[in-house]
Amino acid sequence: MLEIFKKVNPVSFLTNMWITKKEPVSLVHFVTNRCNARCSFCFIDFDNEEIFKDELSIDEINKLTKNLGKSLVNVNLTGGEPFARKDLINIAESYCRNTSIQSIYITTNGSLPDRVKTFAEHITKKYPYITLSISISIDDLPENHNKIRKIKGLFDKCIETYKLIEKIERVIPVVQVTVSEANYKNVKKIYFDLLNIYKVDSIKAVIVRDEGIYKTPTEDKRGILNSYNWITNKIIEDSKNGVLNNYDQNSAQGRLHFKKDTLMYKFIQKYYLKPFYQSHCPAGQLFGIIDSKGKIYACEILDKDCLGNLRDSKMNFMKIWNSEKNHKLRKFIKESKCHCSYECALAFNFTSNLRYQFSFLRSYLDF
């Protein structure tokens, strides 16, 4: 926990986190919609050529990162395929140089291992206080994974990417399995083969959700949930007994991370088939979305409620964040008891809510 306070004031950060909730603590930045894969469950409409145009430039991102408040400790760089941008290092450097972030999280399809390795080595060497997490998507064993993602030889590239970065200091590689109708019948074999044959010892899982143009077949939902329940329970068990290396059990930060993921897994297990409200979501307060063209959203799920365009406000993020439009959306989220299974938002639902702090305190003191 103390590692968070290297570049933020502890009192003002915790006041913002638990009381005022006026500045973002974490942002997801979709740096591009371009991607060399065509995953069957992707929410991006690749038939619409307009989605590939007008990405924020490095100069624009540099201006943006100078106005993100004093509480930002994490940024998720995603896409599309974020490594499709050859200037991804420059984007990350803008965040490292101009903000108070302590960690960068990147999701990748693993198709560009050399770019990933170069990025990881450069950022961790130049910014030694940054923890870099790189999530590599693997959804099935070689033939089916390549078929799902529609890239020949992709599975081998994913394993190569994992092996190239697992030895780099302050880099946390993780293979993430999205449980969907395409793979739920094979989840147990996927898990054990990744662990035993491919020697991957850091595995996490998410569940496919209806978003954008993708809709989960109703008849498959129960099977998807059963497989998600099995793999997430197995991840929790194997993280505790040391089979997986997802979390540093010797560090307080690792124990907190484990508790947060456990809470999310257990919540989604109950929520997926029968959605319900559990606690207030801080989307639009502590958490938000920047899309590739500079539009700001409180959450991926609230994609009809654009808060504003950075280009229209001279890249002034906080002007949009503190706008009347966002205040109204925050009120809607609270009064409507808005809820979903979106993991990035859930993370801050739990960590910013006082009802969970005793549980986090116990994990902080003892794994």
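Residues numbered from 1 in each chain as written. Predicted model: local features only at pLDDT ≥ 70, side-chain atom pairs only at ≥ 80, totals over all residues. Heavy atoms only, no water.

### Side note on the side chain of Thr124
Cut-off, in case you're wondering: Secondary structure counts use DSSP, requiring at least four H or I residues in a row for a helix and at least two E residues in a row for a strand, with both numbered from the N terminus. For the exposure calls, accessible area comes from a 1.4 Å probe over protein chains only, and a residue counts as buried if that area is under 20% of its type's maximum, exposed if over 50%, partly exposed in between. For the purposes of these results, a polar contact is taken to be a pair of N or O atoms within 3.5 Å, where, inside protein, one atom must be able to donate a hydrogen and its partner to accept one; residues adjacent in sequence count only when each atom of the pair is a side-chain atom. Whether two residues are in contact is decided by their heavy atoms: any pair within 4.5 Å suffices.
By secondary structure assignment, the location of Thr124 is in helix H4 (residues 113–126). For Thr124, a relative accessible area of 4% translates into the label buried. Here Ala120 takes part through its backbone oxygen, which lies 2.6 Å from a polar atom of the side chain of Thr124. For Thr124, the contacting residues outside a window of four places in its chain are Leu132, Ile168, Glu169, Arg170 and Val171.

### Description of the sheet that holds strand E5 (residues 171–179)
Threshold: Strands are labelled as partners when DSSP assigns at least two bridges between them. Each axis is a line fitted through C-alpha atoms, taken for helices only over the stretch in contact, and angles between the N-to-C directions span 0 to 180 degrees.
What the nine strands build is an open sheet, ordered E6-E5-E4-E3-E2-E1-E7-E8-E9; its pairing is mixed. Edge strands, defined here as strands with exactly one partner in the open sheet, are strand E6 (203–207) and strand E9 (308–309). The pairing of E5 with E6 spans five bridges and is parallel. Paired with Val177 across the bridge in E6 is Ala205. Across the sheet, helix H3 (residues 88–98) lies against strand E1 (26–30), strand E2 (74–78), strand E3 (103–108) and strand E7 (287–290), angled at about 165 degrees from E2, the strand it touches most. The sheet strands contacting helix H6 (residues 154–165) are strand E4 (131–137) and E5, and the helix crosses E4 at an angle near 160 degrees.

### Looking at the nonpolar core
For clarity, the threshold we go by: Each nonpolar core is a collection of buried residues, namely Ala, Val, Leu, Ile, Met, Phe, Trp, Tyr and Cys, held together in the definition by side-chain atoms within 4.5 Å.
Residues Leu77, Tyr95, Ile104, Leu194, Ile290, Leu310 and Phe317 are the most contacted members of the largest nonpolar core, which totals 103 residues. Among residues more than four places away in sequence, those in contact with Tyr95 are His29, Ile61, Leu64, Thr65, Leu68, Leu72, Val75, Leu77, Ile101 and Ile290.

### Comments concerning unusual backbone geometry
Positive phi, close to 65 degrees, is recorded for Lys150, a residue that is not glycine. The phi angle at Lys314 is positive, at roughly 55 degrees, despite the residue not being glycine. Position of Lys314 among the secondary structure elements: in the loop between E9 and helix H10 (317–321). Owing to a relative accessible area of 78%, Lys314 belongs among the exposed residues under this scheme.

### Some words on the packing of aromatic side chains
To keep it simple, the criterion reads: Between 30 and 60 degrees the pair is tilted, below 30 it is stacked and above 60 it is edge-to-face, where a pair is any two Phe, Tyr or Trp rings, Trp via its six-membered ring, whose centres lie within 6.5 Å.
Applying the stated criterion across every chain yields a total of 15 aromatic pairs. A ring pair is formed by Phe267 and Phe276, whose centres lie 5.3 Å apart and whose planes are at 55 degrees; its orientation type is tilted. Owing to a relative accessible area of 7%, Phe267 belongs among the buried residues under this scheme. Ring geometry for Phe317 against Trp321: centres 5.1 Å apart, planes inclined by 25 degrees, an arrangement best described as stacked. With Phe317 and Trp321 both in helix H10 and four residues apart, the pair spans about one turn of that helix. A relative accessible area of 0% means that Phe317 is categorised as buried. The exposure class assigned to Trp321 is buried, which follows from its relative accessible area of 0%.

### Focus on helix H1 (residues 10–20)
To keep it simple, the criterion reads: In this context, the arc is that of the directions from the helix axis out to the C-beta atoms.
Buried within H1 we find Phe13, Asn16 and Met17. Each buried residue of H1 sits inside an arc of 90 degrees when the element is viewed along its axis, so together they form one side. Of the residues in H1, the exposed ones pointing more than 90 degrees away from the buried face are Val11 and Ile19. Of the surrounding elements, those touching the buried residues of H1 are helix H12 (343–351). Sitting at the head of H1, Asn9 places a side-chain oxygen 3.0 Å from the backbone nitrogen of Val11. Lys21, located one to two residues past H1, shows a positive phi value of around 50 degrees.

### Remarks on the packing of helix H2 (residues 58–65) against H3
Short version of the rule: Any angle that falls under 35 degrees is termed roughly parallel, while one over 145 is termed roughly antiparallel, one within 65 to 115 roughly perpendicular, and all others oblique. By definition, any crossing whose near helix is turned counterclockwise from its far helix by less than a right angle is left-handed, and any crossing with a clockwise turn is right-handed. Throughout, the ten residues Ala, Val, Leu, Ile, Met, Phe, Trp, Tyr, Cys and Pro are labelled nonpolar, Asp, Glu, Lys and Arg are labelled charged, and all others, Gly among them, are labelled polar.
Between H2 and H3, the shortest axis-to-axis distance is 9 Å and the interhelical angle comes to 20 degrees. By the angle class used here, H2 and H3 are roughly parallel. Between H2 and H3 lies a crossing whose hand is right-handed. Listed contacts from H3 to Ile58, Ile61, Asn62, Leu64 and Thr65 of H2 are Asn90, Ile91, Ser94, Tyr95, Arg97 and Asn98. Looking at the contact of H2 with H3, its residues break down into five nonpolar, five polar and one charged.

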